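Spelled out from the first residue to the last, the chains are:
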Amino acid sequence: MANKVLVRQEFKVVGTRPIRHDGTDKVTGRALYGGDFSLPGMLYGKVLRSPHAHARILSIDTSAAEALPGVRGVVTAKDLPRPEEGIADVGEGAVNLRFLSDNILASNKALYKGHAVAAVAAVDAHTAEAALALIKVDYQVLPAVVNVREAMKEGAPILHESLRTDAQGQKGTTPTNIASRIQFAKGTLEQGFAQADVVVEREFETATVHQGYIEPHNATGLWSSDGQVTIWCSTQGAFTVRDLVSQILRYPVSKIKVVPMEIGGGFGGKTVVYLEPLAALLSRKTGKPVKLVMTRTEVFEGTGPTPAASMKVKMGATREGKLTAAEASFAFEAGAYPGSAVGAGCMCAFAPYDIEHGKIDGYDVVVNKPKAAAYRAPGATQTGFAVESVVDELAEKLGLDPIAFRMKNSAREGTRRIDGPIFGVIGALDCLEAARASDHWSSRLEGPNRGRGVASGFWFNIGLQSSCTISVNADGTVNLVEGSADIGGTRASIAMQAAEVLCLRAEEVKPTVADTDSIGYTQVTGGSRTTFATGWAAYEAAHDVLRQMKERVAKIWEANPADVTYEEGVFGVKGDPKMQMAFRELAGKLNHTGGPIVGRATVDPKGQGGAFATHIADVEVDPETGKVKVLRYTTVQDAGKAVHPSYVEGQMQGGAVQGIGWALNEEYFMTPGGTMANTSFLDYRMPTTLDLPMIETVIVEVANPGHPFGVRGVGEVPIVPPPAALANAIRRAVGVRMTRLPMSPGAILKEMGTV
Amino acid sequence: MATKHHVVTRVNGEEVEFLCEARHSLLEALRETLGLTGTKEGCLDGNCGACTVTLDGRLMDSCLVLAVEAHGREIQTIEGVASPQGLHPVQQAFLEEAALQCGICTPGFIVSAKALLEREPNPTEERIRWWLAGNLCRCTGYDKIVRAVVDAAARMAEVKG
Amino acid sequence: MAIVYIPALMRGLTGGAEKVTVPGSSLRQVIHNLEAVYPGMQARLLQGDDLSPALSVAVDGEVVRLGLLAPVGEQSEVHFLPAMSGG
Ligand code: FES
Ligand code: FES
């Protein structure tokens with residue numbers, strides 16, 4: 001049961017495991033999350049949601065609700081600015097804005113059960129809820145389509161009359177549910193398959209699953225009489241909330257301040273807005289602060305799940321085990337509005353391998369389900385499940401060891417991907433090697449109905465903008481201000497990078513996550529970017545502090561700034577070993593030697609370096625019930641450099657377990673009419689302590705040349721391999737090849753032919 | 001306005017009184033009326049454990065208890081776990097083992113784990129997993145939480161000597 | 001001359017060619033020169049004066065962050081990829 005770190009480069013602070021700065025507040029219940037926030041005189045809001053998956057809204061009568069004692073205001077889509085008006089660009093931009101706005105409050109059609117149609121503010125939540133029942137909505141119910149394959153068929157109910165398929169910039173001519181089509185092609189497919197001795201072709205399906213963060217969405221809005229809007233909420237990106245609210249309400253960003261509260265999980269699901277514009281609108285209407293918190297059912301029915309997918313994968317290999325060709329078609333459910341992550345899914349699908357001939361088709365398809373949101377490595381888990389299952393089957397057919405087969409075909413520096421670009425320094429092969437060398441792989445797995453599976457995965461990671469300031473305190477510590485919501489210990493991993501530069505201890509750098517008025521633009525905590533990009537901003541800001549400190553020392557000593565050195569926390573002058581001043585001593589002198597020192601930096605880095613992972617799973621399948629027990633699980637991942645290894649392990653373990661849940665249990669059970677039948681945690685079964693073994697980790701460190709400490713993002717890729725690793729293990733345990741997620745007991749029994 | 005009930009109870013060792021409606025849950029009274037927002041809300045139907053407290057020493061999902069039921073009882077919440085002398089060993093173990101990521105589930109886990117260790121000072125991993133099965137965590141995969149509880153047991157044994 | 005990889009569904013405009021070479025030291029120039037040889041390209045890649053929001057561009061394997069201002073080297077490879085976000 002080991003957690004291993006295969007360290008290649010050592011630093012003083014980076015790579016250690018200090019206690020996180022916000023930890024004490026979080027173990028004592030003192031940390032304030034969005035739902036914990038309140039203001040004097042605050043009202044409570046509730047949202048009325050469509051009971052139909054697809055319906056035209058003929059009229060909404062809010063008069064009875066408004067007349068209920070305690071109700072202070074009601075809003076509907078009429079209270080939102082019409083996106084078509086006053087926008088210069090009446091093309092794509094207006095359409096997207098209309099979609100964005102309609103997902104906040106439906107204007108003429110409700111497109112999924114749970115789609116918001118009105119919101120009420122009242123003196124308390126119970127009154128607001130009672131008022132919802134008094135709103136009369138006249139619906140004309142329309143046939144719904146809740147499955148991607150059905151939605152693509154000729155004659156399927158159409159969600160958006162105006163939607164035309166966009167094929168990489170070329171528009172279709174007829175109404176459709178296929179919002180876009182994308183294709184990647186490299187080499188000559190026929191030639192590739194002609195070279196193959198073995199070809200495997202299979203179809204796969206995955207169900208809609210939810211990010212499942214424990215904290216429901218929440219927002220508190222205050223529209224002040226001077227026109228200033230403040231929103232307190234739990235979000236992955238305060239600036240993104242500001243941008244989206246500004247677009248939806250047509251209100252200048254300068255008049256909107258977003259205060260990020262602590263956030264109880266996001267995984268991609270809190271990179272978009274739902275309640276934030278409503279809180280602002282209701283506050284404008286009532287003149288009071290208004291707070292809204294979703295119920296769990298609202299979270300399932302009204303917020304972004306991850307797309308269900310229908311997929312086909314065909315791969316060929318020679319007898320010697322060389323992959324020659326790969327072809328795939330991936331159709332993703334975008335939910336009610338276009339924009340699933342099918343593009344990223346296509347690009348990640350075959351990324352772990354070097355394949356000369358390939359073609360990938362992707363389809364983004366609207367269906368009557370909530371609009372999909374990002375979920376950890378968006379798109380890659382679905383396509384990875386399909387591809388890694390086929391890779392496993394090829395290895396089996398060729399009689400090759402699954403890791404050796406993957407190693408033989410592994411992508412490496414210089415490999416050209418099917419989507420075109422060439423990989424830089426990557427750790428794909430290193431992960432496979434570390435997996436093969438792990439205790440787990442060399443251990444024996446014995447007993448009936450048991451099997452071991454392996455699978456790899458890839459995620460790009462993203463860079464994007466971050467800002468940071470660092471001010472020096474008189475006692476030699478520093479305060480660091482940044483704008484990245486801390487969902488899993490990033491205050492620490494960012495502060496540690498500044499500490500490394502400044503030769504301070506992690507505890508001597510005190511990080512604060514600031515609101516949108518108090519720090520420069522910073523993108524979402526998502527895309528595995530925070531430790532990479534905001535950490536980089538902290539690194540640069542720390543260097544800015546050092547530069548100014550050196551100038552100050554030079555001034556005090558009347559030396560040349562270029563001759564000032566800084567080593568082990570002490571300033572010195574080249575050629576004069578007697579001159580020495582500790583960081584702390586200088587810090588104490590700042591105010592009377594020229595004033596305080598504040599370092600600052602903004603970054604928009606590229607070079608984030610992709611992340612690879614390889615997972616090993618041992619399972620036992622109960623032949624009577626079909627239940628899969630995970631006996632042992634190991635995650636191997638290239639972190640570039642693990643800044644705080646404990647939290648890297650935490651990401652690997654948490655991601656793997658979300659993948660295990662996706663693989664084995666989780667699913668939106670949809671009625672044919674489009675109602676989700678399992679909207680509580682009792683029926684939407686996420687993994688509990690009892691469902692799991694310890695999750696072993698091996699951190700591989702193939703330094704990312706694009707980052708000062710070699711950091712790569714770590715948060716997302718661990719969710720990619722589990723479904724295929726488990727499917728491959730199940731295959732070895734009981735001989736069936738599962739091609740649909742979730743691999744629930746019933747599905748497995750059916751496949752085994754026992755029911 | 002619905003009729004309000006007068007409830008007198010003890011929270012974290014101190015007597016408190018408040019007014020509530022019959023439909024209010026204990027969770028709502030703690031968070032909204034008493035301002036004790038350390039007890040979290042994740043589902044409101046007893047399935048996540050974020051709202052775990054003890055009522056007369058028994059673990060409860062406070063979203064499933066009516067506020068009026070607290071009358072004359074003794075409630076312990078996360079706010080009462082640390083003392084002026086410092087953190088409870090379970091809290092310290094969670095910090096050192098990095099057993100929290102977003103932290104929303106953490107108060108519930110700490111209250112549950114403390115209750116376990118007060119009854120059974122030396123539980124096995126399996127026993128810990130059984131005991132904590134009512135608390136959901138979506139971030140950690142539970143590994144580090146289970147380790148933290150094992151570690152806390154060792155710390156508590158040391159304190160006792 | 002930069003080597004531009006043409007997205008699969010746009011290869012109709014290049015007579016099926018997977019990659020073409022065009023001069024240009026910025027992305028703006030490259031797209032402009034592409035349009036001169038393969039009319040219709042620009043409309044598929046740009047929206048107004050900017051890169052289409054559905055796209056991102058990789059120069060030499062790295063997604064660039066400067067839009068049309070992105071520098072393009074003598075031997076650079078240019079790829080048009082779908083825009084991506086993360087979880
Ligand atoms: S809020 Fe009480 S169990 Fe989830
Ligand atoms: S730490 Fe986020 S739910 Fe447990």
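All figures in this text were calculated on a predicted structure; none of them were measured in a lab.

Undergrad: Quick one: what's the story with the overall build of chain A, residue by residue and with numbers?
TA: Across its full length, chain A holds 20 helices and 31 strands. In terms of C-alpha radius of gyration, chain A reaches 27 Å, essentially the compact-globule figure of 27 Å for 755 residues. The principal-axis extent of the C-alpha atoms belonging to chain A is close to 85 × 75 × 50 Å. Residue pairs at least 24 apart in sequence account for 80% of intrachain contacts in chain A once pairs closer than 6 positions are excluded. For chain A, the computed accessible surface area is about 25100 Å², with 50% contributed by carbon and sulfur atoms. In chain A, 77 side chains carry a positive charge and 81 a negative one; their mean positions are 1 Å apart.

Undergrad: Mind laying out the interface of chain C and chain A, listing which residues take part and the relevant values?
TA: Listed per partner, the contact involves 22 residues of chain C and 43 residues of chain A. Of all residues in chain C, the largest losses of buried area upon contact with chain A belong to Leu9(C), Arg65(C) and Gly87(C), amounting jointly to 28% of the total for that side. A salt bridge links Asp604(A) to Arg65(C); its shortest N-O distance comes to 2.7 Å. Linking chain C with chain A are eight residue pairs in polar contact (both at pLDDT 80 or more), by the criterion used here. Counting only elements with at least two residues in the side of chain C that touches chain A, the list comes to strand S6 (62-63) and strand S7 (77-82) of chain C. In terms of residue count, the dominant contributor to the side of chain C that touches chain A is S7(C) (four residues). Among the residues forming the side of chain C that touches chain A, the class breakdown is 10 nonpolar, six polar and six charged.

Undergrad: If you had to explain the nonpolar core to someone new, which residues and values would you point to?
TA: Ranked by size, the top nonpolar core spans 183 residues in total, and within it Val313(A), Met315(A), Phe330(A), Phe350(A), Ile730(A), Met743(A) and Phe94(B) carry the most contacts. Those residues in contact with Phe330(A) that sit more than four places away from it in its chain are Ser310(A), Met311(A), Val313(A), Val342(A), Cys346(A), Ala349(A), Ile360(A), Asp361(A), Gly362(A), Tyr363(A), Thr383(A) and Val387(A). If you look at the next biggest cluster of nonpolar residues, it comprises 46 residues, including Ala498(A), Ala542(A), Ala554(A) and Val564(A).

Undergrad: Which residues make up the environment of Thr297(A), and what are the values?
TA: Looking at the secondary structure, you find Thr297(A) in helix H9 (residues 296-302). Along the backbone, Thr297(A) and Asp361(A) are 64 residues apart, and their C-alpha atoms lie at a distance of 35 Å.

Undergrad: Mind laying out the confidence of the model for chain B, listing which residues take part and the relevant values?
TA: Any segment with low pLDDT has predicted coordinates that should not be analysed in fine detail. Per-residue confidence for chain B averages 97 on the pLDDT scale, and 99% of its residues sit at or above 70. For this predicted complex, the interface confidence comes out at an ipTM of 0.98, alongside a pTM of 0.97.

Undergrad: Quick rundown of the sheet that holds strand S4 (residues 58-61) of chain B? Include the residues and the values.
TA: All names here are of chain B. One open sheet holds the five strands; their spatial order is S2-S1-S5-S3-S4, and the pairing between them is mixed. On the outer flanks of this sheet lie strand S2 (14-21) and S4, each paired with one strand and no other. Ignoring strand direction, the axes of neighbouring strands in this sheet form an average angle of 40°. Contacts between helix H3 (residues 106-119) and the sheet are confined to strand S3 (52-55), S4 and strand S5 (74-76), with S3 contributing the most and set at about 40° to the helix.

Undergrad: Before we move on, can you summarise the arrangement of the chains with the specific residues and values?
TA: There are two pairs of chains in contact here, and the one with the most contacts is chains A and B. At their nearest point, the C-alpha atoms of chain B and chain C are still 13 Å apart, with no contact between the two.

Undergrad: Give me the pairing of strand S4 (residues 71-76) of chain A: which residues, what numbers.
TA: Successive residues of a regular strand alternate their side chains across the two faces of the sheet. Residues and elements named next belong to chain A. A large share of S4 lies buried, amounting to five of its six residues. Of the pairings in the sheet, the one linking S4 to strand S6 (residues 116-122) comprises five bridges and is antiparallel in character. Directly across from Thr76, in S6, lies its bridge partner Ala118.

Undergrad: Which residues make up the domain arrangement of chain A, and what are the values?
TA: By a frequent convention, interface size equals the accessible area lost on bringing the separate parts together. All names here are of chain A. Segmenting chain A into domains produces domain 1 (1-9 + 424-461 + 609-755), domain 2 (142-421) and domain 3 (466-603). Placing the centre of domain 1 and that of domain 2 at their C-alpha centroids yields a distance of 19 Å. Summed over both sides, the interface between domain 1 and domain 2 buries roughly 4700 Å², with carbon and sulfur atoms accounting for 66% of that surface. Here domain 1 is connected to domain 2 by six salt bridges. The set of elements that each furnish at least two residues to the side of domain 1 that touches domain 2 consists of helix H13 (428-436), strand S21 (450-459), helix H18 (645-664) and helix H19 (722-734). Residue classes in the side of domain 1 that touches domain 2 are distributed as 29 nonpolar, 15 polar and nine charged.

Undergrad: Quick rundown of the pattern of salt bridges? Include the residues and the values.
TA: In the structure shown here, the tally under the stated rule is 63 salt bridges over all chains. Here Asp56(B) makes a salt bridge to Arg73(B), at a shortest N to O gap of 2.8 Å. Of the two residues, Asp56(B) sits in the loop between S3 and S4 while Arg73(B) sits in the loop between S4 and S5, which places them 17 residues apart along the sequence. Judged by relative accessible area, Arg73(B) falls into the partly exposed class, the value being 28%. Among the charged side chains, a network of salt bridges with common partners joins Arg202(A), Asp392(A), Glu393(A), Glu396(A), Lys397(A), Arg731(A), Arg732(A) and Arg737(A).

Undergrad: Provide a residue-level description of the domain arrangement of chain B, including the pertinent values.
TA: All names here are of chain B. Assigned domains of chain B: these are domain 1 (4-80) and domain 2 (89-160). The gap between the C-alpha centroids of domain 1 and domain 2 is 22 Å. Opposite the 15 residues of domain 1 that make contact, domain 2 presents 14 residues. The interface formed by domain 1 and domain 2 contains zero salt bridges. Counting the contacts that link domain 1 with domain 2 gives four residue pairs in polar contact (both at pLDDT 80 or more). Looking at the side of domain 1 that touches domain 2, the elements with two or more residues in it are S3 and S4. If one sorts the elements of the side of domain 1 that touches domain 2 by residue count, S3 sits on top with three residues. Split into classes, the residues belonging to the side of domain 1 that touches domain 2 amount to five nonpolar, eight polar and two charged.

Undergrad: Report on the interface of chain B and chain A, specifying residues and quantitative values.
TA: The interface is formed by 49 residues belonging to chain B together with 60 residues belonging to chain A. Where chain B abuts chain A, roughly 4400 Å² becomes buried across the two surfaces, and 58% of that area is made up of carbon and sulfur atoms. By the criterion of area lost to chain A, the three top residues of chain B are Gln101(B), Arg129(B) and Arg138(B), representing 19% of everything that side buries. Summed over the shared surface of chain B and chain A, the result is four salt bridges. A salt bridge links Arg31(B) to Asp36(A), with the shortest nitrogen-to-oxygen separation between them at 2.8 Å. Secondary-structure elements contributing two or more residues to the side of chain B that touches chain A are helix H1 (26-33), helix H2 (89-96), H3, helix H4 (125-131) and helix H5 (143-160) of chain B. At five residues, H2(B) tops the list of elements feeding residues into the side of chain B that touches chain A. Along the lines of polarity and charge, the residues of the side of chain B that touches chain A split into 22 nonpolar, 12 polar and 15 charged.

Cut-offs used in this document
Residues numbered from 1 in each chain as written. Chains lettered and ligands numbered in written order. Predicted model: local features only at pLDDT ≥ 70, side-chain atom pairs only at ≥ 80, totals over all residues. Heavy atoms only, no water. Helix = DSSP H or I, 4+ residues; strand = E, 2+ residues; numbered from the N terminus. Rg over C-alpha atoms; globule rule 2.2 N^0.38 Å. Contact = heavy atoms within 4.5 Å. Areas by Shrake-Rupley, 256 points an atom, 1.4 Å probe, with all protein chains shown as cover. Lys, Arg positive; Asp, Glu negative; His and termini not counted. Charge placed at Lys NZ, Arg CZ, Asp CG, Glu CD. Buried area = accessible area lost by both parts, 1.4 Å probe. Salt bridge = Lys/Arg side-chain N within 4 Å of Asp/Glu carboxyl O. Polar contact = N/O pair within 3.5 Å; in protein donor to acceptor, adjacent residues only side chain to side chain. Nonpolar A, V, L, I, M, F, W, Y, C, P; charged D, E, K, R; others polar. Core = buried A, V, L, I, M, F, W, Y, C linked by side-chain atoms within 4.5 Å. Buried < 20%, exposed > 50% of the residue type's maximum accessible area, 1.4 Å probe, protein only. pLDDT = per-residue confidence, 0-100. Pairing = 2+ DSSP bridges. Axes fitted to C-alpha atoms, helices over the stretch in contact; angles between N-to-C directions. Domains from an automatic or database assignment.

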